[in-house]
Amino acid sequence: MKRAKRLAAILLAASMLLVMAAGCGKKTTAAQSTETVKHDVLNIGEYDEEWVAADLIQGDTFYDLQMMMAEPLFLYNHETGELEPCLAEAPTFSADGTTMTFVVPEGRTFPNGAALGADDVCASLQHGIDDGAMSDTFSIITNIAYDGNTVTLTLSNYSTALMILLVSPFFCVIDTEQLNTMSNEELLWGAVPYGAYYITEYTEGSGVTLSRNEGFKTLNNTVENKEAAYIPTLKVTWYSDEFAMIAAYQAKQLDLLIGVTEDSVTALQNAEGTVVQSSLPPMVRNVQLNANSEFLSDKNVRTAISYLIDRSLIVDAFGGDLMCTAQYEYITDNVMYHTQAVEDWYKATYSDNAEKAAALLKESGWADTDGDGILDKNGAKMPTLTFNTASGKNETAALTIQIMLQQAGFDVSVVTTSETTSLAQSGAYDLTMCNYWWSEPGRFLVNMFKDHNCFDETEYREIVKQVETTTDNEQRFQLVEQAQKYLMEEMVVIPLYTTSYVKIYDQSLSNIHFIVDGMFLNDIH
């Protein structure tokens with residue numbers, strides 16, 4: 001469990017940061033040296049990010065750095081929604097989206113020297129269907145075939161959820177011989193996927209050492225170096241004590257820190273030649289309102305809560321906009337098929353308007369008639385609202401919202417619990433914090449909130465189904481906008497904020513390429 005945040009120190013640190021835009025994130029750089037540094041070993045510290053597998057198909061999670069040991073088949077273009085080449089050439093689809101064809105280029109080899117071919121891609125896809133943590137999604141593939149270097153997949157339907165697996169380390173290409181001769185248990189840490197690096201040493205609970213794959217080649221247009229990486233070795237250490245990781249960086253024992261909190265930012269932001277890189281993950285933190293509870297069944301009251309939430313105070317509670325970004329939509333910048341129009345509409349329609357909140361409460365008969373600071377109606381006090389939250393970031397936001405609502409006359413009790421999901425699914429809450437991490441909008445729009453009994457979801461689910469299955473990307477952008485507005489109008493899920501994913505590194509590593517769900521170290525020396 002991460003230690004409690006020190007708000008005063010955070011706010012002071014945030015006020016000192018000089019922030020400039022860097023893609024979908026923010027970056028600060030302390031005074032730099034112009035000296036060129038070449039690394040024989042790149043030492044990396046990861047906080048709270050112990051890897052779960054080398055066979056990422058079986059793993060139920062991955063971390064950004066693992067993209068260096070598991071080259072994605074393709075990459076998504078976030079502007080157009082199109083799939084672009086990476087390990088394989090860009091795919092083509094039949095008109096109905098159920099036949100997918102792509103070419104696996106020659107000249108790639110696994111670290112053991114075995115040539116990578118279409119047969120390895122096909123065998124790995126079958127491994128996903130049979131044994132993958134995401135087997136339900138891989139099973140959208142109903143037939144796998146190859147002819148020479150050309151792979152043809154038959155799909156039950158086009159699915160953005162399947163595509164997101166193929167552009168991330170949820171899928172990796174493993175040598176067919178390994179798949180045929182090793183058990184799933186052996187593959188878990190014994191598999192050697194195709195990538196720029198491969199694991200040569202694994203110490204449970206401690207870290208991994210990765211060596212360069214000399215036979216690596218890529219079609220990835222994000223990087224300039226499309227062959228073997230420049231740095232021979234990556235040494236990754238997993239830390240549960242962030243202060244120990246900070247000390248190792250200060251002692252020049254680490255070059256890159258991943259997954260850090262504001263504690264590291266505070267300690268290292270002014271270190272000479274240090275870059276603080278903040279980016280937004282594909283997620284949003286929401287508060288769900290129980291439309292079946294007696295008090296919140298009144299849509300006026302739910303809408304009033306939306307108007308009363310001041311997201312700038314939540315951002316301040318996390319130390320400023322380097323660490324947190326206010327959100328007014330569900331499908332944020334780093335989830336596929338984001339549109340600015342939804343954010344603009346929600347801001348103008350349902351946010352930051354205490355006067356409208358007061359008017360809606362008055363319309364429903366709620367007012368503080370006796371001056372005790374609690375709203376009442378027909379002589380009865382407002383019931384205490386139970387606000388469930390997990391500990392950590394969600395708890396910080398819940399406590400901040402509690403203060404906002406209490407100032408408006410609500411009686412709110414924050415309950416910190418590890419059972420937020422089961423309590424929400426059973427309806428045992430008034431408000432509950434929710435969050436979900438996923439890059440693809442179809443499943444994101446369903447899984448980002450927990451209680452699916454607050455309104456009739458039939459029409460909403462139909463829109464979301466079309467989001468996942470349509471073959472028309474322009475239509476998908478429109479459907480994502482339609483689905484978000486539909487849910488927003490129900491006023492049961494209020495988007496709040498996204499906490500940043502922060503990396504700190506020596507400025508000699510300025511050629512790192514950060515993308516959603518991954519990073520590429522191909523161009524650093």
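Residues numbered from 1 in each chain as written. Predicted model: local features only at pLDDT ≥ 70, side-chain atom pairs only at ≥ 80, totals over all residues. Heavy atoms only, no water.

Enquirer: How should helix α12 (residues 354-363) be read in this particular structure?
Expert: Residues separated by three or four positions in an α-helix point in the same direction, a consequence of the helix having 3.6 residues per turn. Along α12, the residues classified as buried are Ala-357, Leu-360 and Leu-361. All buried residues of α12 project into a common sector of 100° when viewed along the axis, lining one side. In α12, the exposed positions that point more than 90 degrees away from the buried face belong to Glu-355, Lys-362 and Glu-363. Residues of α12 that are buried make contact with α9 (299-308). Gly-365 sits one or two residues past α12 and shows a positive phi near 90°. (Buried < 20%, exposed > 50% of the residue type's maximum accessible area, 1.4 Å probe, protein only. Helix = DSSP H or I, 4+ residues; strand = E, 2+ residues; numbered from the N terminus. Arc of directions from axis to C-beta. Contact = heavy atoms within 4.5 Å.)

Enquirer: Help me out: how do you make sense of the environment of Thr-470 in this one?
Expert: Topologically, Thr-470 is positioned in the loop between α16 (458-469) and α17 (473-490). Overall, Thr-470 belongs to the buried group, its relative accessible area being 12%. For the pair Thr-470 and Thr-160, spaced 310 residues apart in sequence, the C-alpha to C-alpha distance is 8.7 Å. Other than its neighbours up to four places away in sequence, Thr-470 contacts Tyr-158, Gln-475, Arg-476 and Leu-479.

Enquirer: Which parts of the structure should I look at to understand the layout of surface pockets?
Expert: The gaps of empty space that remain are located by a probe, the size of a water molecule, rolled over the atoms. By volume, the second largest pocket amounts to about 830 Å³. Around the second largest pocket, the lining is made up of 41 residues, and of these His-78, Asn-334, Phe-514, Ile-515 and Val-516 lie nearest the centre. When grouped by side-chain class, the residues that make up the lining of the second largest pocket number 21 nonpolar, 14 polar and six charged. (1 Å grid on protein atoms, 1.4 Å probe; cavity = no way out; pocket = protein on both sides within 12 Å on 5 of 7 lines; lining within 4 Å. Points joined across faces, edges and corners; volume = space filled by probe spheres on them. Nonpolar A, V, L, I, M, F, W, Y, C, P; charged D, E, K, R; others polar.)

Enquirer: Is there a simple way to explain the sheet that holds strand β7 (residues 99-103) in this structure?
Expert: Hydrogen bonds along the backbone pair up the strands of a sheet, which may run parallel or antiparallel. Pairing within the open sheet is antiparallel, and its four strands lie in the order β6-β7-β9-β8. The open sheet has two edge strands, β6 (92-93) and β8 (141-147), and neither has a second partner. Here β8 pairs with strand β9 (residues 150-155) via six bridges, running antiparallel. What sits directly across from Ala-145, in β9, is Thr-152. Sitting on the sheet, helix α2 (residues 118-131) is in contact with β7, β8 and β9, with an inclination near 165° to β8. (Pairing = 2+ DSSP bridges. Axes fitted to C-alpha atoms, helices over the stretch in contact; angles between N-to-C directions.)

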